[in-house]
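Residues per chain are reported as follows:
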Amino acid sequence: MTRDHRQLRLNLFIYPGGHHEAAWRHPASRPERIMDITYYQEIARRAEAAALDGVFLADGPSLPDNVRYASRFRLEPFTWLSAIAAVTERIGLIATASTTYTEPYNLARLFASLDHLSGGRAGWNIVTTGAPQAARNFGLDAHPVHAERYDRAREFLDVVSALWDSWEDGALVNDPASGVFADTDRIHTIDHTGRHLKVRGPLNTPRTPQGRPVYVQAGSSEDGRSFAARYAEAVFTAHQTLGSAQEFYADIKRRAAVEGRDPDGVLILPGISPFIGSTEAEARALHEEFNELTQPAYSLDLLHRLLGMRLDVADLDRPVPRELIENSGERALGSRFQLILDIIDRERPTVRQLLHRLAGARGHRVVAGTPEHVADQIQEWFENGAADGFNIMPPWLTGGFDLFADHVVPILRRRGLFRTEYTGTTLREHYGLPRPPSRYAREAAAAGVTALP
């Protein structure tokens, strides 16, 4: 596909209640429905009606420390997305799962099942888990360090990929006349023994409609970038400025090429959280309404966890004390740490101003303006080497997304940037990604042998 004919890739990032930390307190929200599956089914159907590429669900294997003040609990995504799959037909279903706190065989089965039951709509948001409190939920005394988590993740991806390829295409015969259900010559053990994992295989599920789920990755550290270049087909990322996004975009594409991959097969999808009003002033006032509902105890605790600084309410209207931030150690390796440090160095905000910046979408870009302004921002990044699309992060639900679907999506369509309807049925087709051949098909092709159907 030439650059002139590129189409935006748009996901709806669903967070219980919305992405602004005070969304659940706003009168436009429906906090009483955040445990109601029909609420999420309705949201997903709304996204499908707008022909978005996918819905994306975050997850983590521990309870966040700040749940006292915000709707930051976790719903297990496979159950959640299976219920959404039952009431939708086209929209992609992207679940977050950790390489640190799951086992590859179980994860391979879960995603294979989701891909089969949805007709090829599954995507895996691959995370290594940054929350240290998760360790003791899994019998560990300490959270593995950053480098160790990524080392396991690389081996994990190799194992899971082999498991999804352990059934060749066509191994499921299902022929009552001959009495052959499966061609066992085309089902293979993987016999993996590595530093972190030991898995025999094969998977007990046939190869899926997409060959395997779409590999999605979130993380912009040095390890995260290298990992994305090797494995990811879509990268979820956070940037505050066009320049930062352009640097990241070019770097990931370059690294993918070094890995021998087609750079166009790695989609870069920053997050954007839009406050939309009929005028700029109305949108800014709406944004401020949400910020006024933030609770300092929550926000200051968030700042402590992200930067290591302990401040109190008396510090809110003072400049952020840059000298108290230690730019070293395990915390400083995280991409979100560096993003926030860049905000502080570039804008010199007060503590309150910084907290309001982070309240909107935890470091992702917040835009307040008219539908045309939001569309302009999306188009600027898309056409200037900063993004292949976006994760839409509504500040609140359902209204925050309704405004985007009703007023921004039509503008993007009129500009020829986004589809008017689906042309495919799988997440890979929505993203413009090929169905990967199995390792056995690749080996046969390399040997000049025609693979069986």
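Above this text sits the structure in question.
Residues numbered from 1 in each chain as written. Predicted model: local features only at pLDDT ≥ 70, side-chain atom pairs only at ≥ 80, totals over all residues. Heavy atoms only, no water.

(A) Fine view of the pairing of strand β4 (residues 122-127). Burial runs high along β4: six of the six residues are buried. Of the two faces of β4, the one lined by Ala-122, Trp-124 and Ile-126 and the one lined by Gly-123, Asn-125 and Val-127 are each fully buried. As paired strands, strand β3 (residues 92-98) and β4 are joined by six bridges and run parallel to one another. Paired with Ala-97 across the strands is Ile-126, a residue of β4. This β-α-β element, β3 to helix α3 (residues 104-118) to β4, shows right-handed connectivity. (Buried < 20%, exposed > 50% of the residue type's maximum accessible area, 1.4 Å probe, protein only. Helix = DSSP H or I, 4+ residues; strand = E, 2+ residues; numbered from the N terminus. Pairing = 2+ DSSP bridges. Right-handed = clockwise from strand over helix to strand, strands pointing away.)

(B) Seen up close, the packing of aromatic side chains. The tally for this structure, following the rule as stated, stands at 18 aromatic pairs. Measuring from centroid to centroid gives 6.0 Å for Trp-124 and Tyr-215, while their planes differ by 75 degrees, and the two rings are edge-to-face. With Trp-124 in strand β4 and Tyr-215 in strand β9 (residues 214-218), the pair connects residues that are 91 residues apart, well separated along the chain. Of the two residues examined, Trp-124 and Tyr-215, each falls in the buried class. Judged by centre distance (4.9 Å) and plane angle (45 degrees), the rings of Phe-227 and Tyr-231 are tilted. Of the two residues, Phe-227 and Tyr-231 both sit in helix α5 (residues 222-231), four residues apart, roughly one turn of that helix. Like Phe-227, the residue Tyr-231 is buried in the burial classification. One aromatic cluster in this structure is built from Phe-78, Phe-111, Trp-124, Phe-156, Trp-164 and Tyr-215. Positioned above the aromatic ring of Tyr-215 is the side chain of Arg-212, whose terminal nitrogen or guanidinium carbon lies 4.0 Å from the ring centre. (Phe/Tyr/Trp six-rings, centres within 6.5 Å; stacked < 30°, edge-to-face > 60°. Lys NZ or Arg CZ within 6 Å of the ring centre and 35° of its normal.)

(C) Main features of helix α1 (residues 37-49). Across its 13 residues, α1 extends 18 Å between first and last C-alpha, which sits within 8% of the 18 Å expected from 1.5 Å per residue. Along α1, the positions that sit buried rather than exposed are Tyr-39, Tyr-40, Gln-41, Ile-43, Ala-44, Ala-47 and Glu-48. The first or second residue beyond α1 is Ala-51, which carries a positive phi of 65 degrees. (Expected span 1.5 Å × (residues − 1).)

(D) Focus on the pattern of salt bridges. Within the structure shown, the criterion is met by 33 salt bridges. Among the ionic pairs, Glu-247 bridges to Arg-225, the shortest N-O distance being 3.0 Å. Here Arg-225 lies in helix α5 and Glu-247 lies in helix α6 (residues 242-258), a separation of 22 residues in the sequence. On the basis of relative accessibility, which here comes to 40%, the residue Glu-247 falls in the partly exposed class. In this structure, the salt-bridge partner of Asp-376 is Arg-415, at a minimum N-O distance of 2.9 Å. (Salt bridge = Lys/Arg side-chain N within 4 Å of Asp/Glu carboxyl O.)

(E) Representation of the nonpolar core. Judged by nonpolar contacts, the single largest core of 74 residues is most densely connected at Trp-124, Trp-164 and Phe-404. If you tally residues by element for this core, the top one is helix α4 (residues 146-164), at nine residues. Beyond its immediate sequence surroundings of up to four residues, Trp-164 is in contact with Leu-107, Ala-108, Phe-111, Ala-112, Trp-124, Leu-203, Arg-207, Gly-211, Arg-212, Pro-213 and Tyr-215. Within the second largest apolar cluster, 20 residues are counted, among which are Ala-238, Leu-300, Leu-316 and Phe-337. (Core = buried A, V, L, I, M, F, W, Y, C linked by side-chain atoms within 4.5 Å. Contact = heavy atoms within 4.5 Å.)

(F) The arrangement of the side chain of Lys-253 in detail. Counting through the fold element by element, Lys-253 comes out in helix α6. Using a relative accessible area of 10% as the deciding quantity, one classes Lys-253 as buried. The contacts of Lys-253, once residues within four sequence positions are left out, are Pro-263, Asp-264, Val-266, Ile-268 and Asp-388.

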